[in-house]
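Summary of the model geometry
Here is how the chains run, residue by residue.
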Amino acid sequence: MSYSPSHAASNYQPSGYKQSRRSTDGYLESSIQHATPARLRLMILERSVEVARVLANAWRTQPEKKGNNEYSLKLFDLITELLSGITSKEGVCNQVADLYVFLAKHLLLAEQSSDADAVDELREILEIEADTWRMVCANETLAKMPAASAAGTTAAPISTDTPISGGLNLQG
């Protein structure tokens, strides 16, 4: 029995799949294009936490996924992306860069023995880092609030996805 391309099992998609996927991709693309540098870093950190969780679970429950696999490679890519976003070697930037180098080395060591507990430790550090960047994003949003809300009148909540011009100073 043969399948024509339109009936191949690998081409099956539920009705509405393509439209739903396109709208999701468009939303993600828009979120990325309009995100502040801090929000972009937070998005990478949140994805890193998710991938670390999946990796640890895969190493625990799927023997064929032991060692380096698509999840460990993705996590390594995310960590190196975080590291590449640090452009200064002064003060706290150097310390954050050292943290990401430590995380990359920790992951490489964990891969050698498929140590899911080591990945859980890595994930916990990434979660703390993500919490820190959530606070940075919240502070950016508060800094952008109109003066009217500072005077006591209520204003509509502002999304952290709103683009903000200017740089992010980690020194102050």
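Read on for a plain summary of the structure. Residue numbers here run from 1 along each chain, matching the order of that chain's written sequence. Under the rules for a predicted model, residues below a pLDDT of 70 receive no local features and side-chain atom pairs below 80 are neither given nor counted, while totals for whole chains, interfaces and linings still include all residues. The side-chain quantities take in all heavy atoms of the structure and omit both hydrogens and water.

**Overview of the overall build of the chain**
In terms of regular secondary structure, the chain is built from six helices and zero strands. Here a helix means four or more residues in a row that DSSP labels H or I, a strand means two or more in a row labelled E, and each is numbered from the N terminus. Mapped from its N terminus to its C terminus, the chain presents α and β elements in the order α-α-α-α-α-α. The cut-offs for exposure are 20% and 50% of the maximum accessible area for each residue type, with area from a 1.4 Å probe on protein chains only; residues under the lower value are buried, those over the upper are exposed, and the others partly exposed. For the chain, the proportion of its 172 residues judged to be buried stands at 30%. Pairs at least 24 apart in sequence give 64% of the contacts found in the chain among residues at least 6 apart. When checking whether two residues touch, look at their non-hydrogen atoms; a contact exists if any pair is within 4.5 Å.

**Some details on the pattern of salt bridges**
Every case where a carboxyl oxygen of Asp or Glu lies within 4 Å of a side-chain nitrogen of Lys or Arg is listed as a salt bridge. Scanning all chains against the criterion turns up nine salt bridges. Notably, a salt bridge pairs Asp120 with Arg60, separated by 2.4 Å at the nearest N-O pair. With Asp120 in helix H5 (residues 116–144) and Arg60 in helix H2 (residues 37–61), this pair connects stretches of sequence that are 60 residues apart. Relative accessible area serves as the criterion here: at 45%, Arg60 is assigned to the partly exposed category. The partner of Glu127 in a salt bridge is Arg123, with the nearest N and O atoms 2.9 Å apart. Taken together, the residues span about one helical turn, with Glu127 and Arg123 both in helix H5 at a distance of four residues. Of the residues examined, Arg123 reaches a relative accessible area of 14% and is grouped as buried. Where salt bridges share partners, they join Arg53, Arg60, Asp117, Asp120, Arg123 and Glu127 into one cluster.

**Regarding the packing of helix H3 (residues 70–84) against helix H4 (residues 91–113)**
Only the stretch in contact is used when fitting a helix axis, every axis being a line fitted to C-alpha atoms; angles between N-to-C directions are given from 0 to 180 degrees. Between H3 and H4, the least distance of the axes is 9 Å, while the angle of their chain directions is 165°. Of the possible angle classes, the one that applies to H3 and H4 is roughly antiparallel. As H3 packs across H4, the resulting crossing turns out to be left-handed. Residues Ser72, Leu75, Phe76, Ile79, Leu82 and Leu83 of H3 form the contact with H4, whose own contacting residues are Ala97, Tyr100, Val101, Leu103, Ala104, Leu107, Leu108 and Glu111. Each residue belonging to the contact of H3 with H4 can be placed in one class, and the counts come to 12 nonpolar, one polar and one charged. Orientation categories follow fixed angle ranges, with anything under 35 degrees roughly parallel, anything over 145 roughly antiparallel, 65 to 115 roughly perpendicular, and all other angles oblique. We call a crossing left-handed when the near helix sits turned anticlockwise from the far one by less than a right angle, and right-handed when that turn is clockwise. Lys, Arg, Asp and Glu make up the charged group, whereas Ala, Val, Leu, Ile, Met, Phe, Trp, Tyr, Cys and Pro make up the nonpolar group; the residues left over, Gly among them, are polar.

**Some points on unusual backbone geometry**
Despite not being glycine, Ser114 shows a phi value in the positive range, around 50°. As for its placement among the helices and strands, Ser114 is situated in the loop between H4 and H5.

**Details of H4**
Multiplying one less than the number of residues by 1.5 Å gives the expected span of a helix. A rise of 1.5 Å per residue sets the reference length of H4, with its 23 residues, at 33 Å; its end C-alpha atoms lie 35 Å apart and thus fit the reference within 8%. Residues of H4 that are buried: Cys93, Val96, Ala97, Tyr100, Leu103, Ala104, His106, Leu107, Ala110 and Glu111. Where H4 is buried, its residues contact H2, H3 and H5. Looking one or two residues past H4, Ser114 carries a phi angle of roughly 50°, positive in sign.

**A short note on the nonpolar core**
Buried Ala, Val, Leu, Ile, Met, Phe, Trp, Tyr and Cys residues form a nonpolar core when they are joined through side-chain atoms within 4.5 Å. Core analysis: the largest hydrophobic core is formed by 31 residues, its most contacted members being Leu75, Ile79, Tyr100 and Leu126. Put simply, the parts of the chain that give this core at least two residues each are H2, H3, H4 and H5. The contact partners of Leu126, leaving out residues within four places of it in the chain, are Leu45, Ser48, Val49, Leu75, Leu82 and Leu103.

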